[in-house]
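Residue-level listing of the chains:
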Amino acid sequence: MKTKKFIFNKLIEITILFFIILTILFFLFRAAPGDPITRMVDPNLTPEDIQHLIAQMGLDQPAWKQYIIYIKNFFTGNLGHSFHYGAPVSSIILNRMPCTILLFTTSTLLAAFVGVFLGKIAAWKKGSRLDNFLSIGALLCHTLFIPWFALLVLWILAYKVGWFPLGGIISPELWIWDTSIFIKVLDVLHHMFLPLLTLFIIHLGSYLLLMRSSMLGVIKEEYIITARAKGLSDKVIRDKHAARNAALPVITSVGLSLAFSINGGALTEQIFTWPGIGRELIFAVSNNDYPLAQACFLLITAVVLIANLIVDLLYAYMDPRIKY
Amino acid sequence: MKNTKNRPENKNHYVERFTKGWAIYIKNPMGKAGLIILLIFMLMAIASFFVPLLGPVYDPMTGADPNITYSTGPSFQHWLGTDFIGRDLFVQLLEGAKVAFIVGLSCAFISVVLGTAIGMISGYAGGIIDTLLMRVADIFMVLPSLVILLILASLWELSIWVIIFIIAIMRWPSVSRIIRSQTLSLKSRPFIEASRVAGASNFRIIFKHIMPNVLPLAFLYMTFRVTSAILVEAALSFLGFGDPGQVSWGMMLQWVWSSGHMFQAPYWLLPPGICISLLTLSFYMLGRAMDEVLDPRLRKEGEGE
Amino acid sequence: MALLRVENLSVGYKSKHGLIHAVNNISFSIEKGRSLGFVGESGCGKTTLGMTLMGLLPENASILQGDIFFNDDNLAGFNDEKWRTFRGKEISMIFQAAMNALNPVIRVDEQIAEVIAIHNPQMPRTQVFDQVKKIFDLVEIPEDRLRDFPHQYSGGMKQRAIIAMALACAPKLIIADEPTTALDVIVQDQILKEIKKIQTALNTSLIFISHDIAVVADVCRDICVMYGGQIVEKGNREEVFQSPRHPYTRSLLESFLTLDSNGDIKVPEIRESPDLITITGGCSFAASCKKKCEKCENRNPGWVNLSSTHQALCFEEVIHKD
Ligand SMILES: Nc1ncnc2c1ncn2[C@@H]1O[C@H](COP(=O)(O)OP(=O)(O)OP(=O)(O)O)[C@@H](O)[C@H]1O
Ligand SMILES: [Mg+2]
């Protein structure tokens, strides 16, 4: 019951936050130099269409009315018309969304699990060769410059060795004919491998380092000595007693570093031409496709906020001391 | 925080504290390595000021070797080779070091000053002010800075200083949080209580008593802020939205990528990326070692106070 | 035959100043079903002794000499695997910092069940939890609190849960290291009663460690007084508590706050704690001893028999000088 209330409160909080961001964005777009009509409406459309769009967005109305129409439009899913694609923005971003979610969640979860696992081992064998190797490796991963690393991966594994495609999410020739779903899945995985690897390695380092230092703190706790006094095996003490406590701060930091992961995600999508939201945003910004850019931005913000909520819930689930 | 217990009374105290800290710092291999790498980059940044002496051909932005019309590999005239219009890559690399330092340090400085001020006010004032400020901090904390910069770059042409300022604005909250909790714990210490009873003004208490005690921590956070600022600026330049009038490492990577040389010219692709990663690494190591100076609990057993 | 027999045990910690002789040439034994108390000031090596008996010394510590016989096994020669099957089953320990001894993210019943499960691999889960219920009954924790997490317990309940954990496998020996230090007086009293009741009910042996000689005398039949890593006096509680003979034991008993003839509080003298690193000849208590003579400074004292059960590590002349 309490959990429901917590989720409800959080959702309200997120809505308010989102509203604030929406408002700021509105004023930013009005405050920028130039005419909002040319910015928001594709000049290549027919005059009737232009008139129609202007009316729809209320661009001929006073500012406060524009704002109300803007909010109304947003909540009815009417985000404007993309210049480049000549299609409603909402349909474009809904198309991109699954690709981003797929890449982003897979890489984050994989990196978190492997990072926590390796960090746990490194801390348990502190000072050993394995620990030194893992810590130094993690440190290097952690400080890599993402786009550069992505380019290296692309250069070596796609261009030189040729094991993986240079970009995209599918090979079109496979999708024309009636190929089996199995082949299609394999094809997507084949395309996804390099961007996934890039994001995985980059996030792995920070999770490993975090888990390691958190675990080193936990090992000194009294309840670990208690566990040893019970005659439990090393592995049970490490996995059941130490790691579960040590993972808690790591979960918090997943939430805090989401913004950072989104940055990395956008860069990776761009380099591997992965058709996700991040790449679409960069594309829209480069081509002055303002409605599209705005929509991508709002969507990313929404994803970050919701992901934060999920992390909060996960933390509450893992730490019995916290009950909402 | 053993050190913060005694109030800094005079200059000697600072000197003593510094030499003590330095002794611990220099024993840390990570800190030493970080410092050495950092010094090399500093030399590079300084060297970039002397490049104009070589003549206009070596200007990182506008100079181009008239004999070269395509990208060439390392040679005697151009140690790292040239880009596709004959500009010297080594000179660009030096210029990049300078820009990275400017971006990193000024960004870190602004965000740490901002974060420290807000954190101290928030912790000291408490109540509604505290709640409000920390809520705002929450908002900033969840927003992806690169995405924000991108959307702003679509509306305005951003100069390097504007970029620095925006990154700094995005980065203060985490500093604030730490400083706030430090301030909260200081607030309840007897010596602050005593000076309040003695009639010191809030302003005086903050500047005389709280500030000197949170400054070391703020300084530590500065090193971590430096790296994130450098990375964000480089990423923005890489995507082509950096200051078009300023060569930087990110921009070099943008050029090698967009001109289609990335599979042909490793001499061009590798150095900027290595530099960015190494510089971040060195600041990170610096921060870690400083962490150890400031937090006695992190020190290895038997190393003492 | 004694259940536990410790002979000439010395334990040292490596530190940057040198080797700390935390336990120095200690010998004692305890019979089945008996209780033995260790008392001494902070830093005299009580916890180190307990940890040695559990095989839980930190990495920088090592047994310098001596043997620990438990029934027929010599614990000093145990390897990790042997210790693992031994701990919790034959000897268990109640720790000093009891408030943090429970894992915050695991339910209390599970934390107790796992001791039983690890030492009885064949036992089915349901039977394990039946056993847990029985033990909770014994330490008087209501059954509906079984599934709680530690943070939902009060300090006293946590301590009971920890005692329950130590009892779980009906060990032959329980070591209690200041089990009540963090509790208020009333709860402390309840817990001590609990410990005494259980110890007699289950007929286990008990080693009880405390800095408070009154508490030790309340719980234990026999008492060892420790100073600077050594046992300086041992005997049954009447002998040690009522007619102490070693100067240190006397000063320990005097160090309760008392009123002098004018009705003012007499503050006990503050002694320097002994140097455990440089071991010189002579009695380690000599520097603070009120009755010391020349001999004390350069010759090692020996055991003086005062009765068949009562001994003190001192010189005849000093003991009989009054
Ligand atoms: N991990 C360690 N490393 C180095 N020295 C230690 C360590 N643990 C204890 N010592 C030293 O060993 C001596 C005995 O410590 P011990 O903890 O056994 O004392 P104690 O009698 O239990 O004291 P207290 O009543 O305060 O619990 C002390 O001088 C202490 O400083
Ligand atoms: Mg102790």
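Above this text sits the structure in question.
Everything in this summary refers to the structure shown in the same document. (Residues numbered from 1 in each chain as written. Chains lettered and ligands numbered in written order. Predicted model: local features only at pLDDT ≥ 70, side-chain atom pairs only at ≥ 80, totals over all residues. Heavy atoms only, no water.)

Strand pairing in a sheet is mediated by backbone hydrogen bonds. Such pairs are either parallel or antiparallel. Residues and elements named next belong to chain C. Across the sheet, which stays open at both edges, the four strands sit in the order E2-E1-E4-E5 with antiparallel pairing between neighbours. At either margin of the open sheet sits one strand with a lone partner, and together these are strand E2 (18–30) and strand E5 (73–74). Strand direction decides the pairing type here: strand E1 (residues 4–15) and strand E4 (residues 61–70), joined by eight bridges, are antiparallel. Across the sheet, the residue bridging to Ser10 is Gln65, located in E4. (Pairing = 2+ DSSP bridges. Helix = DSSP H or I, 4+ residues; strand = E, 2+ residues; numbered from the N terminus.)

Our next topic: the site of ligand 1. All names here are of chain C. The immediate surroundings of ligand 1 are formed by 15 residues, with Ser42, Gly43, Thr47, Thr48 and Gln96 found nearest. Measuring from an oxygen atom of ligand 1, one finds a side-chain N or O atom of Thr47 at 2.5 Å. Surface burial for ligand 1 is 69%, taken as the share of its 640 Å² of free accessible area covered by protein chains. Elements supplying a minimum of two residues to the shell around ligand 1: E2 and helix H1 (46–54). A total of three residues in the shell around ligand 1 trace back to one element, the largest contributor, which is H1. In terms of residue class, the shell around ligand 1 is made up of six nonpolar, seven polar and two charged. (Near = heavy atom within 4 Å. Polar contact = N/O pair within 3.5 Å; in protein donor to acceptor, adjacent residues only side chain to side chain. Areas by Shrake-Rupley, 256 points an atom, 1.4 Å probe, with all protein chains shown as cover. Nonpolar A, V, L, I, M, F, W, Y, C, P; charged D, E, K, R; others polar.)

Residue and element names in this part refer to chain A. Following the sequence through the fold, Arg96 ends up in helix H5 (residues 89–124). Looking at Arg96, its side chain comes within polar contact range of the side chain of Glu280, at 2.5 Å. Excluding residues that lie within four positions of it along the chain, Arg96 makes contacts with Tyr85, Pro275, Gly276, Ile277 and Glu280. (Contact = heavy atoms within 4.5 Å.)

Let us now look at the interface of chain C and chain A. Taken together, the contact pairs 25 residues of chain C with 18 residues of chain A. Around 2,100 Å² of area is buried between chain C and chain A when both sides are counted, 62% of it from carbon and sulfur atoms. The largest per-residue losses of area from chain C upon contact with chain A belong to Pro104, Val105 and Glu114 of chain C, which jointly make up 26% of the total buried on that side. At the surface where chain C touches chain A, the tally comes to three salt bridges. Among the ionic pairs, Lys240 of chain A bridges to Glu110 of chain C, the shortest N-O distance being 2.6 Å. (Buried area = accessible area lost by both parts, 1.4 Å probe. Salt bridge = Lys/Arg side-chain N within 4 Å of Asp/Glu carboxyl O.)

Residue and element names in this part refer to chain A. According to the stated counting rule, one finds 30 salt bridges over all chains in the structure shown. Close ionic contact of Arg212 with Asp131 constitutes a salt bridge, the shortest N to O distance being 2.8 Å. Of the two residues, Arg212 sits in helix H9 (residues 181–219) while Asp131 sits in helix H6 (residues 129–143), which places them 81 residues apart along the sequence. Take Arg212 and Asp131: they sit in the same class, and that class is buried. (Buried < 20%, exposed > 50% of the residue type's maximum accessible area, 1.4 Å probe, protein only.)

We now examine the sheet that holds strand E8 (residues 205–210) of chain C. Residues and elements named next belong to chain C. Read across the open sheet, the eight strands follow the order E6-E7-E8-E3-E9-E10-E14-E13; overall the sheet is mixed. At either margin of the open sheet sits one strand with a lone partner, and together these are strand E6 (91–94) and strand E13 (302–305). Taking the axes of each pair of neighbouring strands and ignoring which way they run, one obtains an average angle of 20° across the sheet. Sheet topology places strand E3 (residues 35–39) next to E8; five bridges connect them, and they run parallel. Counterpart to Leu36 in the pairing with E8 is Ile207. Contacting E6 and strand E7 (173–177), helix H5 (residues 155–167) crosses the sheet at an angle of about 170° to E6. Contacting E3 and E8, helix H6 (residues 185–202) runs over the sheet at an angle of about 160° to E8. (Axes fitted to C-alpha atoms, helices over the stretch in contact; angles between N-to-C directions.)

Next up on the list: the interface of chain A and chain B. In many reports, interface size means the accessible area that the parts give up when they come together. With 46 residues of chain A at the interface, the matching set in chain B holds 40 residues. In total, about 3,900 Å² of surface goes out of reach between chain A and chain B, with carbon and sulfur atoms giving 82% of it. Here Glu13 of chain A makes a salt bridge to Arg135 of chain B, at a shortest N to O gap of 3.3 Å. Inspection of the region where chain A meets chain B yields eight residue pairs in polar contact (both at pLDDT 80 or more). Only helix H1 (2–31), H6, helix H7 (146–160), helix H12 (258–271), helix H13 (277–286) and helix H14 (290–318) of chain A provide two or more residues apiece to the side of chain A that touches chain B.

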